[in-house]
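Given next are the chains, with one letter for each unit.
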Amino acid sequence: MDSHLYPTYARADIEFERGDGSWLYTGDGTPYLDFAAGIAVCSLGHNHPHLVEALKDQADKLWHTSNMFRIPGQERLADRLTEVTFADLVFVTNSGTEAMECAFKTARKYFAVNGHPEKFKLITFEGAFHGRSLAAISAGGRDNYLDGFGERTPGFSQVPFGDLEAAEAAIDDETAGFLLEPIQGEGGIRVFEVSFLRKLRKLADEHGLLIVLDEVQCGVGRTGQLFAHELAGITPDIMAIAKGIGGGFPVGACLATKEVGACMVKGTHGSTYGGNPLATAVANAVLDVVLEPDFLPAIREKGIKLRQKLARLCDENSDIFEEVRGEGLILGLKCRCEVPDMMAACREAKILVVGAGENVIRLLPPLTVSEDEIDQALERLSEACAIVRSGHGDVAKSGT
Ligand SMILES: *Cc1c(COP(=O)(O)O)cnc(C)c1O
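Residues numbered from 1 in each chain as written. Predicted model: local features only at pLDDT ≥ 70, side-chain atom pairs only at ≥ 80, totals over all residues. Heavy atoms only, no water.

Glancing now at the site of the ligand. Taken together, Ser95, Gly96, Thr97, Phe129, His130, Gly131, Glu181, Asp214, Val216, Gln217 and Lys243 are the residues near the ligand. Here an oxygen atom of the ligand and a backbone polar atom of glycine 96 are 2.8 Å apart. Lysine 243 places a side-chain nitrogen or oxygen 2.6 Å from an oxygen atom of the ligand. In the complex, 82% of the free accessible area of the ligand, which totals 380 Å², lies under the protein chains. (Near = heavy atom within 4 Å. Polar contact = N/O pair within 3.5 Å; in protein donor to acceptor, adjacent residues only side chain to side chain. Areas by Shrake-Rupley, 256 points an atom, 1.4 Å probe, with all protein chains shown as cover.)

Here it is in structure tokens:
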């Protein structure tokens, strides 16, 4: 039967029935090692008992009230996020795109209320991905995402990745700040250097501009730091998060300093569902685990081990892989073969990975992945290399 879904995705022809930790199971019980984690969403793996309990408990009590009333879970989430970050104020959303939208509006409003409504533009970097709304595709600046959707939303200009001089040269009287992912996810696990981030922060300060970070993918423990910008020892003025904070439940947030966020007064923004009791119960449960003192150091340790093993895999399969990229458990393998072929081969070897720009496959395991599972991943990846080499990977079924 023809599908009645929008044909927007090249879906792989697999369906999963249940998940457990780092594993997904098809209806016939075939296990797949999940190094995609719903694109860095299932941060604590599948069916995590603490998250399941939090969701079920809340489901028995109250799902939704709207933001017309106080929502204790939302207040607690904001208290905790501000306690452990640069931020003082939080707006809770349902997705990464909405968190970005709130970030854009906050940056613009901040200058508007401070007598500079003309300063509404953000300078972004090539390879960026910030979501699929009209503003977000304009911020991302990719022609294939923009094509056919009318004029670009004004207020975004792009400079080459990591080019500080170009970033400085792009500043004009209308500039509000810079927008970037400290590690570009969709762009191909491209890591902005620590020195670049520090210089960009300095540049922004010198010009009275804001730094807006998109940590939707690289945040919430992925790098082994709670947020990726901590690796550079800088702080942003505004930051969007989502994906990992919900562990699979749709929730995101825009965080801001008090100075910047205070402009978003009554009536300036809103969301029907944003931060409802169900979503914030789960997000708080994710934080319970991620903020355990041993959790982040374990990610750093596992990340180093995985990276070393991937480096060896690259050496042993230098006809297939060019290099390893990334930090912690947000890693990429740049391929010499076609990414759809490699993804199909990985599925055949029963490991799930995610494609990305620059001919990279992303490895985004649950942050709870075990060392034994890391070893199994390596075996499966090397099997996938053999499948690609023999040319019998099921390319026809390849998704993105
Ligand atoms: C996924 C992603 C988004 C968009 O998030 P949605 O929840 O899909 O709206 C924005 N920025 C980055 C860096 C992302 O990875």
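This brings us to a negative patch on the surface. Taken together, the side chains of Glu348, Asp372, Glu379 and Glu383 present a region of like negative charge at the surface. Looking at the negative patch, the element that brings in the most residues is helix H13 (residues 371–390), giving three residues. Residue class for aspartate 372 comes out partly exposed when judged on its relative accessible area of 47%. (Patch = residues over 30% accessible without salt bridge, like charges linked within 9 Å, V, L, I, M, F, W, Y side chains within 5 Å. Salt bridge = Lys/Arg side-chain N within 4 Å of Asp/Glu carboxyl O. Lys, Arg positive; Asp, Glu negative; His and termini not counted. Charge placed at Lys NZ, Arg CZ, Asp CG, Glu CD. Helix = DSSP H or I, 4+ residues; strand = E, 2+ residues; numbered from the N terminus. Buried < 20%, exposed > 50% of the residue type's maximum accessible area, 1.4 Å probe, protein only.)

This part is about the state of the cysteines. Scanning the model with the defined rule gives zero disulfides in all. In this structure cysteine 385 is not part of a disulfide, and its nearest cysteine sulfur, from cysteine 337, lies 7.4 Å away. (Disulfide = S-S within 2.5 Å.)

Let's shift gears to the sheet that holds strand S16 (residues 354–356). With antiparallel pairing, four strands are arranged side by side in an open sheet as S13-S14-S17-S16. One side of each edge strand has no neighbouring strand; the edge strands of this open sheet are strand S13 (321–327) and S16. Going across the sheet, the axis of each strand differs from the next one's by a mean of 30 degrees, ignoring polarity. Note that S13 and strand S14 (residues 330–335) share six bridges and pair antiparallel. The residue bridging glycine 326 from the neighbouring strand is leucine 331, located in S14. On the sheet, helix H11 (residues 295–316) packs against S13, S14 and strand S17 (360–363) and is oriented at approximately 170 degrees with respect to S13. Contacts from helix H12 (residues 339–348) reach S13, S14, S16 and S17, with the element oriented near 40 degrees to S17. (Pairing = 2+ DSSP bridges. Axes fitted to C-alpha atoms, helices over the stretch in contact; angles between N-to-C directions. Contact = heavy atoms within 4.5 Å.)

Let us look at the confidence of the model for the protein. When pLDDT is averaged across the protein, the result is 96; 98% of the residues are at 70 or more. By mean pLDDT, helix H6 (residues 143–146) is the weakest element of the protein at 96, and strand S11 (residues 238–241) is the strongest at 99. In this model residues 396–400 is a low-confidence stretch, pLDDT under 50, and it forms 11 contacts with partners more than four residues away in sequence or in other chains. (pLDDT = per-residue confidence, 0-100.)

On to the domain arrangement of the protein. Under the domain assignment used here, the protein contains domain 1 (16–40 + 294–395) and domain 2 (50–290). Once you take the C-alpha centre of each, domain 1 and domain 2 turn out to be 27 Å apart. On the domain 2 side, the residues contacting the 24 residues of domain 1 number 22 residues. Between domain 1 and domain 2, a total of about 1800 Å² is buried, with carbon and sulfur atoms accounting for 60% of that surface. Connecting domain 1 to domain 2 are two salt bridges. The shortest N-O distance in the salt bridge between arginine 190 and glutamate 358 comes to 3.1 Å. Connecting domain 1 to domain 2 are eight residue pairs in polar contact (both at pLDDT 80 or more). (Domains from an automatic or database assignment. Buried area = accessible area lost by both parts, 1.4 Å probe.)

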